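# Structural overview
The chain contents come next:
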Amino acid sequence: MPSPTTALPAVHDRATTREAAETWESLFRTQVALMRRFQADDIWEELTMREYDVLFTLSTCPQGGTRLRDLNEYVLISQPSLSRMAERLEQRGLVERVPAPDDARGTIVRLTPEGARLQKEIGRKHVRTISAYVGGALDTDELATLKGLLDKLRGAQEHLPARDGSEA
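Cut-off values and rules
- Residues numbered from 1 in each chain as written.
- Predicted model: local features only at pLDDT ≥ 70, side-chain atom pairs only at ≥ 80, totals over all residues.
- Heavy atoms only, no water.
- Helix = DSSP H or I, 4+ residues; strand = E, 2+ residues; numbered from the N terminus.
- Rg over C-alpha atoms; globule rule 2.2 N^0.38 Å.
- Buried < 20%, exposed > 50% of the residue type's maximum accessible area, 1.4 Å probe, protein only.
- Areas by Shrake-Rupley, 256 points an atom, 1.4 Å probe, with all protein chains shown as cover.
- Lys, Arg positive; Asp, Glu negative; His and termini not counted.
- Charge placed at Lys NZ, Arg CZ, Asp CG, Glu CD.
- Phe/Tyr/Trp six-rings, centres within 6.5 Å; stacked < 30°, edge-to-face > 60°.
- Lys NZ or Arg CZ within 6 Å of the ring centre and 35° of its normal.
- Core = buried A, V, L, I, M, F, W, Y, C linked by side-chain atoms within 4.5 Å.
- Contact = heavy atoms within 4.5 Å.
- Patch = residues over 30% accessible without salt bridge, like charges linked within 9 Å, V, L, I, M, F, W, Y side chains within 5 Å.
- Salt bridge = Lys/Arg side-chain N within 4 Å of Asp/Glu carboxyl O.
- UniProt positions renumbered as here; feature names shortened; annotations may be inferred.
- Pairing = 2+ DSSP bridges.
- Expected span 1.5 Å × (residues − 1).
- Arc of directions from axis to C-beta.

The protein chain appears in an unreviewed UniProt entry as Winged helix-turn-helix transcriptional regulator from Oerskovia merdavium.

Here's what the structure looks like:
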């Protein structure tokens, strides 16, 4: 049993609405500032940042590809826009769309060898700018803390009900 002077860990101090809103605003404004810096980098000649995001996300898929609707869960693009982008990327030879083996109506989108090559090439340059802009502002412990907090925040979203009562 802890001594009277030993503090027990807080169960979970619920943030006030204002604290949550101020934290969100800070996170959002930080993302905007960083995205503007990333966008200004001279590495986006062959792909837009959104196209790169799609290629990067596909590069992380365990089977090398995924259904378009599942891909849409990870990118901030509407489903119709993502479908059109996939068509354009396919025309450029960067992705291919193939029938899903378990569902004749489904389509799997996956990187082509050229798409994988371009994603890696741009990715190496992009990681260097991330290192400069993010790693240049925070030390190793701060980066680990921030990553842990952001992972926790993202993970909690699937368990929190939406404001309309539906699942997130």
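Picking up after the structure, the text goes on.
Here the focus is the overall build of the protein chain. Assigned secondary structure in the protein chain consists of six helices and three strands. Counted from the first residue to the last, the protein chain has its helices and strands arranged as α-α-β-α-α-β-β-α-α. Here the C-alpha atoms of the protein chain give a radius of gyration of 20 Å, more than 25% beyond the 15 Å that 2.2 N^0.38 yields for 168 residues. In terms of overall dimensions, the protein chain has a C-alpha envelope of 70 × 40 × 30 Å along the principal axes. Taken over 168 residues, the protein chain has a buried fraction of 25%. Just so you have it, the protein chain exposes about 12600 Å², and 55% of that area is on carbon and sulfur atoms. For the protein chain, the centre of its 23 positive side-chain charges and the centre of its 26 negative side-chain charges are spaced 3 Å apart.

Turning our eyes to something else, we now look at the environment of Ala156. The topology assignment puts Ala156 in helix H6 (residues 140–156). Placed 108 residues apart in sequence, Ala156 and Thr48 show a C-alpha to C-alpha distance of 30 Å.

Take the packing of aromatic side chains next. Going through the model one piece at a time under the given rule, you end up with four aromatic pairs. Note on Trp24 and Phe28: the rings are 5.7 Å apart at their centroids and 35° apart in plane angle, and the pair reads as tilted. Residue Trp24 and its partner Phe28 are both found in helix H1 (residues 17–40); the two are separated by four residues, about one turn of the helix. Members of the aromatic cluster, connected to one another through ring pairs, are Trp44, Tyr52 and Phe56. Positioned above the aromatic ring of Tyr133 is the side chain of Arg37, whose terminal nitrogen or guanidinium carbon lies 4.0 Å from the ring centre.

By size, the foremost hydrophobic cluster in this structure holds 25 residues, and its most contacted members are Leu47, Val54, Leu58 and Leu89. Breaking this core down by element, the ones donating at least two residues are helix H2 (49–59), helix H3 (68–71), helix H4 (79–91), strand S3 (103–111) and helix H5 (113–135). Among the elements that take part in this core, H2 stands out by supplying five residues, more than any other. Not counting chain neighbours up to four residues away, the residues in contact with Leu47 comprise Tyr52, Leu55, Leu89, Arg92, Leu94, Leu118 and Ile122.

What follows deals with a nonpolar patch on the surface. A cluster of nonpolar side chains, contributed by Trp24, Leu27, Phe28, Leu146, Leu150 and Leu153, occupies part of the molecular surface with about 510 Å² of accessible area. Sorting the residues of the nonpolar patch by element identifies H1 and H6 as the ones contributing at least two each.

Glancing now at the UniProt feature "domain: HTH marR-type" (unreviewed entry) in the protein chain. Residues annotated by UniProt as "domain: HTH marR-type" (unreviewed entry) correspond here to residues 20–155. Overall, residues 20–155 shows 65% helix and 13% strand. The separation of its end C-alpha atoms is 17 Å.

Once that is clear, we can look at the pairing of S3. Two faces belong to every sheet, and in a regular strand the side chains alternate between them. Summarising the sheet, strand S1 (residues 65–67) and S3 pair through three bridges and their orientation is antiparallel. Within the sheet, the bridge partner assigned to Arg67 lies in S3 and is Ile108. Alignment of strand S2 (residues 95–100) against S3, held across six bridges, turns out to be antiparallel. Bridge assignment links Val95 to a residue of S3, and that residue is Leu111. Between S2 and S3, which follow one another and run antiparallel, lie two residues.

Let us now look at H4. In a regular helix each residue adds 1.5 Å, so 13 residues correspond to 18 Å; H4 covers 18 Å between its end C-alpha atoms and thus fits that length. Here H4 has its buried residues at Leu82, Met85, Ala86 and Leu89. One side of H4 carries all its buried residues, which in axial view fall inside an arc of 105°. On its buried face, H4 is in contact with H2, H3 and S2. Just downstream of H4, Gly93 is the residue with a positive phi angle, here 80°.

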